[in-house]
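Architecture at a glance
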Number of protein chains: 2
Amino acid sequence: MDNELKPMDAEQLREHAHKMVDFIADYYKTIEDFPVLSQVQPGYLRNLLPESAPRNPESLQSVLDDVQKKIFPGVTHWQSPSYFAYYPSNSSIAGFLGEMLSAAFNVIGFSWITSPAATELEMIVLDWLAKLLQLPDDFLSSGKGGGVIQGTASEAVLVVLLAARDRALRRFGKDSLKKLVVYASDQTHSALQKACQIGGIHPENCRLLKADFSTNYALSPDVLSEELSHDTASGLIPFFLCATVGTTSSTAVDPLPELGNIAKSYEMWFHIDAAYAGSACICPEYRQYINGVEEANSFNMNLHKWFLTNFDCSTLWVKDRHALIQSLSTNPEFLKNKASQTEMVVDYKDWQIPLGRRFRSLKVWMVLRLYGIENLQKYIRNHIKLAEHFEALVCKDPRFEIVTPRIFALVCFRLLPRKNEDGGNKLNQNLLDAVNASGNMFISHTVLSGKYILRFAVGAPLTEENHINAAWKLLQAEASALLAN
Amino acid sequence: MDNELKPMDAEQLREHAHKMVDFIADYYKTIEDFPVLSQVQPGYLRNLLPESAPRNPESLQSVLDDVQKKIFPGVTHWQSPSYFAYYPSNSSIAGFLGEMLSAAFNVIGFSWITSPAATELEMIVLDWLAKLLQLPDDFLSSGKGGGVIQGTASEAVLVVLLAARDRALRRFGKDSLKKLVVYASDQTHSALQKACQIGGIHPENCRLLKADFSTNYALSPDVLSEELSHDTASGLIPFFLCATVGTTSSTAVDPLPELGNIAKSYEMWFHIDAAYAGSACICPEYRQYINGVEEANSFNMNLHKWFLTNFDCSTLWVKDRHALIQSLSTNPEFLKNKASQTEMVVDYKDWQIPLGRRFRSLKVWMVLRLYGIENLQKYIRNHIKLAEHFEALVCKDPRFEIVTPRIFALVCFRLLPRKNEDGGNKLNQNLLDAVNASGNMFISHTVLSGKYILRFAVGAPLTEENHINAAWKLLQAEASALLAN
């Protein structure tokens, strides 16, 4: 850069951003050359960088050289076609272009007035998505509800938990906090527990009910009912039920219609976390998995997982937006303006934890328009087909077993132990370490009923059948090596 | 886009992203042609867009045409050189390039293993910044403290409030929540009140102590001490004190050394919110405003306001990272990994509300390297000089008054009323509406001791002296018109 600082000169921006585009396109072109899981040791970067910020400007080229030499080795390549860990984190051309445009405007859309398009486009694309998912009309912005983009599913469950908590406190008195009880299965994402900690729910009132193989790790309505009877008899107040469609460990689907009925009879807030599997529900043949959403107070899915929308973008719908706003609004003088005071507009600051917010609806809009619904459905179906293909490969090898039924694009499997030392847990952990250490693929694990399980999650945009086959071949080879020892 | 979906084809990415770069560079080239404050009416966008998402893909050109025709009118141009509202939201070439690279990797850096570079670069650049601000060594990652990038100052104050709350509950018992009291001036950002609501602090225990013109709207240590004596005598437990360096309304600076001593003697958590003015403290001549930071438990500044780093990027330092982690950690099986289990690494998921997190340190690193410390200091000084220039213009016109002393780059001023109807509040509101409705500039307001005040915040990267002069000319002209009526 020049010594004279021109931090936003249009022509310098053009020149440097073109350079960055080529750098990024080249990265994607060679992405398969990198180890999928970074192989660096803790603290690797400290010695490669100076101890303090430079006094004088450096050139873009020198920074890009450092990205290549020093940063790349420490990157775990979530966009690699051989990335099968956790759940996917989709980038796409449309999502990336949306991020660029959003960063260029760099507006802070806390109130409508601070960029009306940011608020209004968000309302519109969330209505589009609600229709695509066939959510009940109560979730549309035309009624008393509406959608909002949160950063993550953790924030989504937190804000609705707060709304539910405050609704209960208004009803039962502000000293009843210690009586409020939350219900969910023990397969529910840890974000719920964190939300409870933050909201001051007493830890002993956070009921994470045991789910096991008998229900394929879904929450049993009977177990829930029993717990509720017991708690209400003890004078406790059930106020929040969280159901999951596609749990993190094994894509279990809680029985929404039954849970919804129970929630209704106890007047609990009913939240559905479909962070992962919600995306699949845009296909008519998978929509059944959210049957029962009619009874929900709130519904969440992450576009940044499996919907080609760059992180972060977690869409949340509520039936009663005023419940959210009552918990989260503040109205300082310095933010007052006519449009807000006359209540003609939505101010999303009151639907979320932070005040500031990015123009994230741009990327959603671009994904929907540049790809179209049919292509998005094909995209989901293709990953599920690839997961089925992997499942079939596993089934053909008698040394392995499928642990839970595959529903979407996650396969939970394990290598069967020869002798029953620890049930094969160490063996599978070693298998995971071996394939991940190769750099050729990245998978993660979970534990179900004490069993260490390997998770193979298909969903990276670049993944094709050959990557599945190569991953399976590597798993087989490492399994053979381990079993031979 | 093609009908065959290739969501991350490198050559298609290259082609489309180059096109987007030119679109964005052209936007910056013509940014002065747009009304700074969007002039649309609520609901304007609904009629311009279809009712549902398209079934089939559309071309990038058609989307860009729509951005121009339908989105641009609804954008309030925070990057315009004539943007003087709220506080600035800095974009820069370096920040923008960092956003591009971060979106390209699209890694979710919740744990070290998920991209070691994301965690380690964050630790390193936050140490760089801590040194640049001359924060005490306790805030460096080498000791028991460290820095972390939060999305916003709201999240920063929330996470430290939770850490302080839980520390107090461990000490005084979990049933003592209703006795916990928070202290700050009534000029403190509304984010503190929101954090209290979220954390379940009883609203009547949130002491927002009156600050007035006698202290230039800074918190008086005497007022604080008196309140503390009263509260402790009533059996309440003071646990959190928030001081501000550069309040949102008027850049008031709370007296940190005195407040720090008081916090210490009551064993309260002492948080410093320097969201706005922290940036100025990289200049030796402004560093004095954070003298007293030695006694703080936590310190926050927003790089996304006035430090050329695109939103969001709010840097938080704590002296005791374990206090944060105790409140915010969860450790589900599916995220366990060797590096985390052996405690050799930092897992930033336990320092924040969400689980997922973007690779935000890239943009900080690029800003520091591509500009260098000396240029960043010049950048800050230039804005302060421009604000001084505006202040001098206001002082020369006897129809106006400066309301509070200008310290950084915000000028608080007002038009003096001819007759003392409502003290001139309506007059100044009309003046604000008139200049904002012109589209030629955007300012915002506040109210101090009942007086409606105009805020002129210099800080947009493209602002030069001619924009200040033009804004002042417009203010004078509209004032003349109003006074003539």
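Computed from a predicted structure; not experimentally measured.

How each quantity is defined
Residues numbered from 1 in each chain as written. Chains lettered and ligands numbered in written order. Predicted model: local features only at pLDDT ≥ 70, side-chain atom pairs only at ≥ 80, totals over all residues. Heavy atoms only, no water. Helix = DSSP H or I, 4+ residues; strand = E, 2+ residues; numbered from the N terminus. Rg over C-alpha atoms; globule rule 2.2 N^0.38 Å. Buried < 20%, exposed > 50% of the residue type's maximum accessible area, 1.4 Å probe, protein only. UniProt positions renumbered as here; feature names shortened; annotations may be inferred. Contact = heavy atoms within 4.5 Å. Phe/Tyr/Trp six-rings, centres within 6.5 Å; stacked < 30°, edge-to-face > 60°. Buried area = accessible area lost by both parts, 1.4 Å probe. Salt bridge = Lys/Arg side-chain N within 4 Å of Asp/Glu carboxyl O. Polar contact = N/O pair within 3.5 Å; in protein donor to acceptor, adjacent residues only side chain to side chain. Domains from an automatic or database assignment. Patch = residues over 30% accessible without salt bridge, like charges linked within 9 Å, V, L, I, M, F, W, Y side chains within 5 Å. Areas by Shrake-Rupley, 256 points an atom, 1.4 Å probe, with all protein chains shown as cover. Lys, Arg positive; Asp, Glu negative; His and termini not counted. Charge placed at Lys NZ, Arg CZ, Asp CG, Glu CD.

**Considerations on the overall build of chain A**
- If you tally the helices and strands in chain A, you get 14 helices and 11 strands.
- Relative to the 2.2 N^0.38 estimate, which gives 23 Å for 485 residues, the radius of gyration of chain A is 24 Å and therefore close to what a compact globule would have.
- Across its three principal directions, the C-alpha atoms of chain A cover 70 × 60 × 45 Å.
- Each of the 485 residues in chain A was classed as buried or not, and the buried ones make up 68%.

**Notes on the UniProt feature "modified residue: N6-(pyridoxal phosphate)lysine" (unreviewed entry) in chain A**
All names here are of chain A.
- Per the UniProt record, "modified residue: N6-(pyridoxal phosphate)lysine" (unreviewed entry) is found at K305.
- Position of K305 among the secondary structure elements: in helix α9 (residues 303-306).
- Setting aside anything within four residues of it in sequence, one finds K305 in contact with Y87, P88, S89, N90, A275 and Y276.

**Some thoughts on the packing of aromatic side chains**
Residue and element names in this part refer to chain A.
- Under the defined criterion, the tally for this structure stands at 58 aromatic pairs over all chains.
- With a centroid separation of 5.8 Å and 45° between ring planes, the pair formed by Y27 and F34 is classed as tilted. Comparing Y27 with F34 shows no difference in burial state: the two are buried.
- Geometrically, the ring pair formed by Y276 and W306 is stacked, given 5.0 Å between the ring centres and 5° between the ring planes. One end of the pair, Y276, is in the loop between β5 (269-273) and β6 (298-302); the other, W306, is in helix α9, and 30 residues separate them in sequence.

**A few points about the interface of chain B and chain A**
- Contacts between the two partners involve 154 residues from chain B, matched on the other side by 154 residues from chain A.
- For the chain B and chain A pair, buried surface summed over both sides reaches about 14200 Å², with 65% attributable to carbon and sulfur atoms.
- Ranking the residues of chain B by area buried against chain A places M8, F334 and R369 of chain B at the top, with a combined share of 6%.
- Summed over the shared surface of chain B and chain A, the result is 20 salt bridges.
- Here chain B and chain A share 75 residue pairs in polar contact (both at pLDDT 80 or more) between them.

**Some thoughts on the domain arrangement of chain A**
Residues and elements named next belong to chain A.
- Taken domain by domain, chain A consists of domain 1 (22-43 + 60-90 + 373-484) and domain 2 (108-371).
- The C-alpha centroid of domain 2 is placed 30 Å from the C-alpha centroid of domain 1.
- In this complex, domain 1 contributes 26 residues to the contact, which on the side of domain 2 involves 33 residues.
- Approximately 2700 Å² of surface area, both sides summed, lies buried where domain 1 meets domain 2, with 65% of it carried by carbon and sulfur atoms.
- Considering only the side of domain 1, the residues that lose the most area to domain 2 are Y87, L376 and F408, jointly responsible for 28% of the buried surface there.

**Section: the pattern of salt bridges**
- Scanning the model with the defined rule gives 64 salt bridges over all chains in all.
- Each of E99, D312, R358, R360 and K363 of chain A together with E99, D312, R358, R360 and K363 of chain B takes part in one network of salt bridges that share partners.

**Digging into unusual backbone geometry**
- In this structure, D312 of chain A follows F311 of chain A across a cis peptide bond, with omega equal to 5°.
- Checked against the element boundaries, D312 of chain A lands in the loop between α9 and β7 (314-318).
- Look at N106 of chain B: it is not a glycine, yet its phi comes out positive at around 45°.
- Inspection of the secondary structure assignment puts N106 of chain B in the loop between α3 (93-105) and α4 (116-132).
- N106 of chain B gets classed as buried once you look at its relative accessible area, which sits at 2%.

**Some words on a positive patch on the surface**
- A cluster of like positive charges, contributed by K178 and K179 of chain A together with K178 and K179 of chain B, occupies part of the molecular surface.
- With respect to the element layout, K179 of chain A can be found in the loop between α5 (153-172) and β2 (180-185).

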